[in-house]
Amino acid sequence: MFFSKKEKKMGNKAPVSKNQELTVTIEDLTYQGMGVAKVEHYPLFIENALPTEKVMIHVLKAAKNYGFARVIKRLSTSDQRVELTEKHYLQTGIAPLQHLNYAAQLEFKRTQIVELLSKVHLENIQVAPTIGMDEPYHYRNKAQVPVRMVNGKLETGFFKKNSHIFVPLEDFFIQDKRIDEVIKSVRDILREFNIEPYDERQHSGVIRHIMVRRGYYTHDVMVVLVTRAKRLPMQDQIVAAIQAKCPDVRSLIQNVNQATTNVILGKQDKLLAGQNQIKDQLNGLTFNISPHSFYQVNPVQTEKLYQKVMAGAGLTGKETVIDAYCGIGTISLTLATKAAKVYGVEVVPEAVADAKLNAAANEIENTQFEIGTAEEWMQKWEEQGIKPDVIVVDPPRKGLAESLIESAVKMKPDKIIYVSCNPATLVRDLQLFLDQGFTVEQPIQPVDQFPQTVHVESVTVLKRKL
Ligand code: SAH
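Residues numbered from 1 in each chain as written. Predicted model: local features only at pLDDT ≥ 70, side-chain atom pairs only at ≥ 80, totals over all residues. Heavy atoms only, no water.

Trainee: I would appreciate a short explanation of the packing of aromatic side chains in the present structure.
Mentor: The description of an aromatic ring pair rests on the distance of the ring centres and on the angle between the ring planes. This model, assessed by the stated rule, comprises ten aromatic pairs. The interplanar angle of 55° and the centroid separation of 6.2 Å between the aromatic rings of phenylalanine 45 and tyrosine 66 together place this pair among those described as tilted. Placement of phenylalanine 45 in strand S4 (residues 42–46) and of tyrosine 66 in the loop between strand S5 (54–62) and strand S6 (67–74) is noted, with a sequence separation of 21 residues between them. Aromatic pair phenylalanine 433 and phenylalanine 438: ring centres 6.0 Å apart, planes at 75°, arrangement edge-to-face. Pair check on accessibility: phenylalanine 433 and phenylalanine 438 agree, each one buried. Ring pairing ties together the aromatic residues Phe45, Tyr66 and Phe68, which thus form one cluster. The residue whose ring lies beneath lysine 341 is tyrosine 343, and the NZ or CZ to ring-centre distance is 5.3 Å. (Phe/Tyr/Trp six-rings, centres within 6.5 Å; stacked < 30°, edge-to-face > 60°. Helix = DSSP H or I, 4+ residues; strand = E, 2+ residues; numbered from the N terminus. Buried < 20%, exposed > 50% of the residue type's maximum accessible area, 1.4 Å probe, protein only. Lys NZ or Arg CZ within 6 Å of the ring centre and 35° of its normal.)

Trainee: What should I look at first to understand the pattern of salt bridges in this one?
Mentor: Think of it this way: side chains of opposite charge can pair up when their charged atoms draw near. Under the counting rule described, the total for this entry stands at 20 salt bridges. The partner of arginine 148 in a salt bridge is glutamate 200, and the shortest N-O contact between them spans 3.6 Å. Here arginine 148 is found in strand S7 (residues 142–150), whereas its partner glutamate 200 is found in the loop between helix H4 (177–192) and strand S10 (207–214), with 52 residues between them in sequence. Given a relative accessible area of 39%, glutamate 200 falls into the partly exposed group. The partner of aspartate 188 in a salt bridge is arginine 187, and the shortest N-O contact between them spans 3.1 Å. (Salt bridge = Lys/Arg side-chain N within 4 Å of Asp/Glu carboxyl O.)

Trainee: Help me understand the pairing of strand S11 (residues 221–227) in this model?
Mentor: The side chains of a regular strand alternate, residue by residue, between the two faces of the sheet. The element S11 is largely enclosed, with a buried count of seven among its seven residues. Alternating residues of S11 divide into Val221, Val223, Leu225 and Thr227 and Met222, Val224 and Val226, and every residue in both groups is buried. Bridge analysis of S10 against S11 gives seven bridges, and the strand direction is antiparallel. Bridging from a neighbouring strand, methionine 211 pairs with valine 224 of S11. Between S10 and S11, which pair antiparallel one after the other, the connecting turn spans six residues, and histidine 219 there sits at a positive phi close to 65°. Examined bridge by bridge, S11 and strand S12 (residues 249–256) share seven bridges and lie parallel to one another. When the sheet's bridge partners are listed, leucine 225 is paired in S12 with glutamine 254. In the classification by handedness, the crossover that spans S11, the intervening helix H5 (residues 235–245) and the parallel S12 is right-handed. (Pairing = 2+ DSSP bridges. Right-handed = clockwise from strand over helix to strand, strands pointing away.)

Set out below in structure tokens:
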């Protein structure tokens, strides 16, 4: 094994030991929002500690190359710190950046992209200031809340980060306030009818999760009761009680999940009342949303994100566009209003059904949606000789497969617009596009979709040179 001089001097042993107490100064913030202090070049990761702060710490773990510690006492305070009135959120991991002021959060997100680019010597690519929100709280239009028994009482809450410790909670801080209220109402109704919450260890009990979605413009609410049991006891009474207490619930669904995994939704849905979908709007278009479909969680910021995609595409009405990873067709339909033809592909069949319904609902006739993987359909479209002027990709965190990049390049689009929710895979994939004759001329645009959390969303416009 190879050791640098410094590591040799360290004698290959941690310079701190478990349970040691010492005073350090925080030098950096990891992409997960933890403070970093160095003791003889050995990094210690510390929750709730910001750069420049001097803190007295207790070492929790001292592995060979890094350790974890907890703050016992803060001796100096960063001017970017927000004093917390409630610690829950930070501890539970709902809002890991809550202690950093919002302007600094936006810069933290921009800097992550800048640093990743510089690591691969792409510092010539500019990154614009992150577009933030005026009110960066209570923005989420979707909640998935576990239901458990605590001291003999049915509770809704959250699991602490990296643990099985369940914390009952009523104000989720980043969720639409009406969603928090609906969760409380449903919780009270489940209590009233003595419904047994799920017990992980025994794999027993009835109700596992409550999922709630709410249309930002329509105010329509969807409630999904995720049950382990196939039958929901007192079903009629529960449905009637929810309808009476929450008249804005337009869709009430039971989802059965009998698996012992931590995947929240099972495959089987049963409509208990109302419709199978709720509606919402984005940039003036109407969208139907099913329980299994992906829908951006921050509607205010999604409108800004899509406007950036639209501006980047620069459509005139003549273009052919591909929207890979199209979900329920939100980007596809936005682009279709200014394009000749839009092809969308999406792997979740319910989402594709929603996309088709949404095209019809908006009287948009120049779209074609396919069920399948983006990888397989991009190749098919390439083989069929489709010549897109613009390709939009909006992949999950793992980014793009090399085969998809290959098909995209072969189709010779003028532009590729990359919407990314993970800067690490974005930068990895950008290198491949740059190697194959594309350039990034406009600054990458981060848009804060997830205030108070460490997630970084961005739009990059790639242009073909060759
Ligand atoms: N552009 C949409 C959806 C983005 S989220 C919007 O803004 O709402 C990414 C989507 O990709 C999800 O709907 C997910 O189901 C889908 N997906 C994940 N892997 C995929 C793959 N290999 N091929 C096609 N779609 C995929």
